[in-house]
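Fold and contact review
Take a look at the letters that make up each chain.
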Amino acid sequence: MSKPGKYEALFFPTKDGLLKIHAYGFNPCGSWGEVFATIGDQTICVKGFNRHKTIVRATKMMLSATANRKNEF
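In this text the structure is predicted, and so the values were computed from the model without any measurement.

For the peptide bond that leads from Asn 27 to Pro 28, omega is 5 degrees, which places it in the cis range. As for its position among the elements, Pro 28 is in the loop between β2 (17–25) and β3 (33–39). Within the chain, Phe 26 stands out as a residue other than glycine whose phi angle is a positive 60 degrees. On the secondary structure map, Phe 26 appears in the loop between β2 and β3.

Turning to the pairing of strand β1 (residues 7–14), a few remarks are in order. Where β1 meets β2, 8 bridges bridge the pair, whose relative direction is antiparallel. For Phe 11, the partnering residue across the bridge sits in β2 and is Lys 20. Counting the residues between successive antiparallel strands, the hairpin from β1 to β2 contains 2 residues.

What counts as what
- Residues numbered from 1 in each chain as written.
- Predicted model: local features only at pLDDT ≥ 70, side-chain atom pairs only at ≥ 80, totals over all residues.
- Heavy atoms only, no water.
- Helix = DSSP H or I, 4+ residues; strand = E, 2+ residues; numbered from the N terminus.
- Pairing = 2+ DSSP bridges.

Following this line, the structure appears as structure tokens:
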């Protein structure tokens, strides 16, 4: 996952491991960007125009996918 240019990285500890969020694009303000959310070996990519809303959407999707995966076992 190597992208040229600047990106923002956020790390949050969770019960399931370290949640890593990488945001690319969104510069200039209002332009297209994408957010990668990773826990362990599972990665989700979300694209959007609003940086904050896209980060929140990626985080919610990752946490719900992790919860669903735990319920299956």
